[in-house]
Amino acid sequence: MEAIYLAIPLAPLFGAIAAGLFGKKIGRAGAHWVTILGVAVAFLLSVYVAYDVMGNGNSYNGTVYTWAVIADIRFEIGFMLDNLSTMMMLVVTFVSLMVHIYTIGYMHEDPGYQRFFSYISLFTFSMLMLVMSNNFLQLFFGWEAVGLVSYLLIGFWFKKDTAIYANMKAFLVNRVGDFGFLLGIAAVLLYCETLDYVQVFARIPQLSGANDFKVFEDTKWHIPTVIAILLFIGAMGKSAQVPLHVWLPDSMEGPTPISALIHAATMVTAGIFMVARMSPIFELSDTALNLILIIGATTAFFMGLIGIVQNDIKRVVAYSTLSQLGYMTVALGASAYSAGVFHLMTHAFFKALLFLAAGSVIIAMHHEQDIRKMGGLKKYMPITYWTSLIGSLALIGFPGFSGFFSKDLIIEAVHESHLWAAGYAYTLVLLGVFVTAFYSFRMFFLVFHGKERFDTHGHGHDDHGHHGHGDKPHESPWVVTVPLIALAIPSVFAGYLLDPMVVGSFFKNAIFVNDAAHGFDLGLKSWLSAHLAIEHMSAEYHGVMGFILHGLMAPPFWLAMAGLATAWFIYLKDDSLARWAYDKFRWLHTLLDRKYYLDDFNQNVFAKGSVSLGNGLWSFGERVMIDGFVVNGAAKAVGWFSGVMRHLQTGYLYHYAFSMVAGILLMLTWFLFF
Amino acid sequence: MNIVIAMPEIFLLSTICLILLLDVFLREDCRMITYLLTQVALLATALLAYGAMDGEKTTGLNGMYVRDDLAGVLKISILLLTFVVFVYARKYLKDRTIWVSEFFLLGLFAVLGMLVMVSANHLLVVYLGLELLALSMYALVAFNRDDGRSSEAAMKYFVLGAIASGLLLYGISILYGLSGKLEFAEVLTYVSSQNVLENIPLLFALVFIVAGIAFKFGAVPFHMWVPDVYQGAPTAVTMFLGSVPKVAALAMLLRVLAESMGAAQPGWAQLLLVFGLLSVFLGNLIAIAQFNLKRMLAYSTIAHMGFILLGALTGTTEGYSAALFYTITYAMMAAGGFAILILLGREGFEAETLDDLKGLNERNPWYAFIMMVFLFSMAGIPPTVGFYAKLSIIQAVMQAGYLWPAVFMVVMSVIGAYYYLRAIKMIYFDKPEQTAPIQAELDFNILISVNGVLMVLLGLFPSALMGVCSAAMVASRL
Amino acid sequence: MLGEYLPILVFLAVGFGLAVVLLGLGLLAGPRRPDAEKDSPFECGFPAFEDSRIKFDVRYYLVAILFIIFDLEIAFLFPWAIVLDTIGVFGIVAMGIFLTILIVGFIYEWKKGALEWE
């Protein structure tokens with residue numbers, strides 16, 4: 001079995017290497033075949049492993065290779081395969097496979113074809129290493145590797161200034177998060193003296209009583225809280241939570257398949273996955289959970305609001321991603337980890353679907369992304385239309401679609417939570433449902449319904465090489481539509497896994513508490529379950545249909561319907577309301593359009609501040625002190641000394657012999673007199 | 001009378017005699033046969049040494065000789081490294097008019113000397129092996145008879161080497177005068193019964209013995225021969241001298257200091273600390289001022305040997321394993337680095353200044369990449385093996401409680417990185433001054449590629465070799 | 001223990017003292033009237049033909065070195081022959097190996113032409 005486990009991440013790596021290093025030799029077709037084959041192998045093996053783990057209950061936790069042992073700390077590569085990680089593997093490899101296939105169609109004119117396939121396969125490898133890890137070191141490796149690949153992919157069109165700016169921004173913002181993450185891992189290492197998950201989880205509870213995390217003389221902090229918050233800062237960066245979310249909308253500068261793969265379905269969920277994986281740590285700290293609730297709820301609602309005023313089709317979806325990630329984070333904060341991970345899964349399917357559909361529209365519109373210049377595409381692109389509809393319904397949580405189950409679950413969980421931040425979070429996630437429905441269907445109606453606002457004659461001279469297709473938009477080729485359909489299926493039905501996954505004991509081993517593996521004592525477990533809103537809810541649960549019926553009567557459904565109706569009314573029926581609102585609440589629109597001025601704030605305070613601080617330091621500290629004195633001074637001193645010392649080497653034999661004898665004499669004297 | 005334990009050496013000696021006789025009866029144009037036989041002999045001996053590794057420690061030949069896993073590991077390293085070096089050397093010798101069999105025969109005798117040193121269980125046997133190695137080396141350094149620098153280097157090496165072996169012998173004689181013993185186990189019994197730091201005659205013996213060992217390593221202040229010999233000797237000989245005998249020197253250190261005088265560790269550790277720190281300091285600093293590549297590598301060797309001495313002085317299993325790991329991997333990268341120099345040279349032209357590296361990337365990107373790997377590895381930059389080697393040494397030194405020496409080593413590594421990076425900069429960013437094509441035969445190409453890739457692979461997966469090193473130490477109870 | 005070395009010390013002192021006394025006597029008692037002829041170097045009564053630092057033919061050294069090897073071999077063979085009755089077969093075999101190695105070397109130098117003067 002270990003060979004199979006190992007083959008899962010290595011197959012995409014092989015594809016990436018083949019396409020990346022030998023791309024010219026194997027050609028375009030060779031590149032996409034080898035990478036698709038690699039990911040397909042990974043997917044099939046994941047299915048097999050998932051069957052083994054979920055079906056037969058053969059979970060695995062073991063070390064494959066010991067990289068180094070330093071002072072009794074083992075740095076290892078190992079896999080932990082339980083229900084949580086195998087589910088992630090399935091999602092990652094499936095979405096990645098779909099994106100690979102889709103890319104053949106989307107990128108077929110791009111000169112960087114092989115490079116692109118190499119990158120996305122490399123990304124799949126990194127993500128698999130991340131989710132399969134059984135220790136913090138490998139987790140960090142995967143974490144950084146997906147960050148790196150995401151950097152490369154956002155800047156894939158490296159001749160485009162905005163893309164370079166965006167990938168720089170993504171990289172820098174992620175650095176902030178990673179800094180916290182790294183500190184968190186360091187704290188884990190410091191207090192647990194191991195990086196292995198199981199051992200760490202076993203030791204963390206013993207630290208929960210000790211308040212001796214000292215930073216300054218008189219301040220002592222609760223250790224698990226410090227660790228949890230530091231780790232969560234990492235998650236905030238990767239999963240784009242306020243205020244470290246600013247990179248995600250800009251990352252839409254990358255090609256659309258990437259937006260689907262990385263910035264919707266997989267990479268951004270790494271933070272959610274990590275927190276779920278670390279649940280034994282987070283459970284020990286109310287403070288951390290409250291913080292997570294607040295951050296998540298803020299992201300969920302306020303980022304959704306921005307989505308309303310965006311006109312770029314991909315940016316609307318991007319803000320929707322931010323908002324949905326906020327929902328997942330809220331679920332984590334409410335200790336409903338399984339609900340969060342469940343939403344992660346359903347969201348991966350329908351958000352990848354929406355992105356790929358957006359990409360399909362973009363192809364049809366000859367790379368026009370402004371939704372104000374679309375409209376009425378329904379009749380030209382039936383497959384894209386229907387799959388988009390499915391995706392949107394899933395996103396707003398229409399009963400029966402996958403998003404409904406997961407989102408309702410989260411809202412319920414927050415409702416049940418006893419933490420003090422739960423009230424705030426509950427209000428925002430409820431309002432968020434309305435907002436979600438509104439911006440989703442605003443986009444949907446603007447793109448597919450209404451008047452045709454696109455310019456049918458403006459593309460004769462476009463530089464993308466579409467020729468001979470006529471002037472009207474048309475449906476995309478099969479490599480694009482097949483993944484859409486393949487993703488639409490789980491977007492509808494993944495929700496019905498609710499029964500086994502959340503309410504049952506599916507994640508019991510991975511997420512909550514496993515007495516045997518994690519070594520929790522029973523007292524702690526009962527304390528833990530008091531936290532767990534899910535358990536509370538399970539008691540009131542009466543099957544899927546009951547859940548749907550219950551949902552039909554609950555406020556989220558009506559809020560979603562209201563949002564849908566509002567969008568319909570404003571954008572299809574009568575746009576005077578929109579204009580009225582725009583006139584009345586222009587400040588609000590501006591505020592949202594400027595994204596709460598966060599970018600400007602970052603730009604002016606952090607970026608400019610850093611630059612001027614850097615300039616100040618440079619002109620005095622660097623040029624005078626460091627360059628003049630320390631660096632050049634040291635270099636000059638070394639150079640001077642080196643020049644002097646080389647003259648010791650005279651070339652005369654008797655000098656050499658003298659040096660030996662002198663050495664001997666010195667040592668003899670040393671021993672004689674000291 | 002257990003002569004089986006010396007089987008690899010006996011086999012090698014017989015083969016050398018056979019090759020020697022065969023060679024004098026062969027025609028000039030059949031030198032290739034001598035070369036091939038030499039290589040086969042090396043591999044066969046390595047196989048014998050491998051077969052002799054049984055996890056046991058067996059002494060024999062009246063207690064003068066020992067066979068254990070440590071000896072096995074060291075012998076296999078020496079033999080395989082020599083094999084690689086000879087493949088590289090063949091190109092050098094063939095390109096010039098010195099394609100003669102004496103190079104390989106003298107090399108084989110040197111190897112025999114090293115094997116004897118490795119397996120010695122008696123101070124005189126150590127000395128015997130050492131002299132066989134040294135005499136072969138003197139002759140090899142003077143190998144290119146028509147070159148004045150080569151002869152000068154050999155002369156210096158010989159005179160200083162004679163002084164050093166005199167010192168060593170003097171130290172051994174003092175020790176013998178004190179204890180009446182020369183066999184390791186008996187010497188250890190004597191040393192253990194003494195209060196080392198109070199026993200001035202014993203300390204004097206230590207000073208002389210350590211001086212002899214330090215000369216072999218080329219540690220400051222016994223380093224003066226290193227730059228001159230490295231520069232003067234033909235590059236093929238420099239490559240041999242700069243890689244394989246380092247393993248034998250470490251073997252001598254382990255046998256003589258760690259094994260037979262382990263109880264005197266507080267004494268010799270002080271000496272090694274001074275010599276090691278001086279080597280790391282001077283080696284790295286003076287290397288910066290060098291523009292001759294061979295001299296630069298010579299000073300870099302001095303610095304590396306300082307690291308090895310510092311690792312060994314800890315007197316712990318970790319320290320010894322780290323030193324062994326460092327030595328083996330260093331020998332690999334040094335052989336590779338000099339091989340690239342051989343590659344750059346040709347008939348009538350020796351590549352030995354830094355300028356000769358300029359624009360290597362434009363001339364041949366693959367060789368440029370491999371050279372970069374070697375230089376990175378010497379500088380100790382991850383993911384190459386040099387990083388892990390340095391890390392494990394510093395780790396061992398810190399664990400043994402030498403905090404400030406460890407800090408000093410780190411600082412010196414940073415300074416040392418400068419001149420390696422300068423060479424890399426020349427390889428990649430400067431315009432080439434030479435335009436002659438760089439080419440080599442298939443075996444050379446394969447080996448140098450494997451050598452380069454190994455530097456990275458061992459850096460990523462060091463635990464295999466590290467495991468072997470520490471297992472050998474444990475088996476030899478060091 | 002050091003007392004046993006007293007005779008050696010006395011010997012050293014007497015030897016050193018005697019040398020000093022004899023040289024001193026010559027210096028004090030002998031007449032010293034140097035001139036150009038007396039100060040010039042001489043070889044067996046002849047004036048010097050040339051600079052004494054001349055190059056010797058390397059073949060002299062070669063023969064000298066080869067001679068030393070076999071000279072030492074003899075020096076080894078004598079004591080070996082004397083104790084042969086006590087060391088027996090082991091001694092015979094050991095000397096056989098030693099001589100074989102030496103003969104290999106001899107064949108090598110012969111074939112290389114080291115023994116031919118011209």
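What counts as what
- Residues numbered from 1 in each chain as written.
- Chains lettered and ligands numbered in written order.
- Predicted model: local features only at pLDDT ≥ 70, side-chain atom pairs only at ≥ 80, totals over all residues.
- Helix = DSSP H or I, 4+ residues; strand = E, 2+ residues; numbered from the N terminus.
- Buried ≥ 20, exposed ≤ 12 C-beta atoms within 10 Å, placed from the backbone.
- Contact = placed C-beta atoms within 7 Å.
- Expected span 1.5 Å × (residues − 1).
- Nonpolar A, V, L, I, M, F, W, Y, C, P; charged D, E, K, R; others polar.
- UniProt positions renumbered as here; feature names shortened; annotations may be inferred.
- Axes fitted to C-alpha atoms, helices over the stretch in contact; angles between N-to-C directions.
- Parallel < 35°, antiparallel > 145°, perpendicular 65-115°, else oblique.
- Left-handed = near helix turned anticlockwise from the far one by under 90°.

### What about the overall build of chain C?
Looking only at helices and strands, chain C features 4 helices and 2 strands. Secondary structure of chain C in N-to-C order comes out as α-α-β-β-α-α. Burial analysis of chain C (118 residues in total) assigns 0% to the buried set.

### What about the overall build of chain A?
The helix and strand inventory of chain A stands at 29 helices and 4 strands. Looking at chain A residue by residue over its 674 residues, the buried ones come to 52%. Within chain A, contacts between residues at least 6 apart in sequence are counted, and of these 80% link residues at least 24 apart.

### Some points on helix 16 (residues 385–399) of chain B
Residues and elements named next belong to chain B. Its 15 residues place the ends of helix 16 21 Å apart at the C-alpha level, agreeing with the 21 Å of an ideal helix rising 1.5 Å per residue. Turning to helix 16, its buried residues number three or more, namely Val385, Gly386, Tyr388, Ala389, Lys390, Ser392, Ile393, Ile394, Ala396 and Val397. On the buried face of helix 16, the contacting elements are helix 12 (293–313), helix 13 (317–344), helix 15 (365–379), helix 17 (403–429) and helix 18 (442–460). Just downstream of helix 16 lies glycine 401, where phi reads positive at about 95°.

### Quick word on the interface of chain A and chain B
In this complex, chain A contributes 26 residues to the contact, which on the side of chain B involves 27 residues. When residues in the side of chain A that touches chain B are grouped by element, the largest group, 12 residues, is from helix 29 (residues 653–673) of chain A. When its residues are assigned to classes, the side of chain A that touches chain B shows 17 nonpolar, 8 polar and 1 charged.

### So, the interface of chain B and chain C
Chain B puts 4 residues into the contact, and the matching count from chain C is 6 residues. Across the side of chain B that touches chain C, the residue classes tally to 4 nonpolar, no polar and no charged.

### Points about the UniProt feature "transmembrane region" (unreviewed entry) in chain C
Cross-referencing UniProt, the feature "transmembrane region" (unreviewed entry) maps to residues 6–28, 60–81 and 87–108 of chain C in the present numbering. Measuring from the first to the last C-alpha atom of residues 60–81 of chain C gives 31 Å, for a span that is 100% helix and 0% strand.

### Remarks on helix 16 (residues 382–396) of chain A
Residues and elements named next belong to chain A. Taking 1.5 Å per residue as the helical rise, helix 16 with its 15 residues ought to reach 21 Å, and the 21 Å between its terminal C-alpha atoms agrees with that figure. Taken across its 15 residues, helix 16 has 11 buried, putting it largely inside the fold. Along helix 16, the positions that sit buried rather than exposed are Thr384, Tyr385, Thr387, Ser388, Ile390, Gly391, Ser392, Leu393, Ala394, Leu395 and Ile396. Buried-residue contacts for helix 16 involve helix 14 (313–333), helix 15 (337–364), helix 17 (402–416), helix 18 (422–448), helix 19 (478–493) and helix 25 (555–573). Looking at the residues trailing helix 16, positive phi occurs at glycine 397, about 80°.

### Regarding the packing of helix 3 (residues 69–95) of chain B against helix 18 of chain B
Residues and elements named next belong to chain B. Two elements in contact, helix 3 and helix 18, have axes whose closest approach is 10 Å; the angle formed by their N-to-C orientations is 135°. Judged on the interaxial angle alone, helix 18 and helix 3 are oblique. Here the hand of the crossing between helix 3 and helix 18 comes out left-handed. Facing helix 3, whose interface residues are Val84, Val87, Tyr88 and Lys91, helix 18 presents Asp443, Phe444, Leu447 and Asn451. In terms of residue class, the contact of helix 3 with helix 18 is built from 5 nonpolar, 1 polar and 2 charged.

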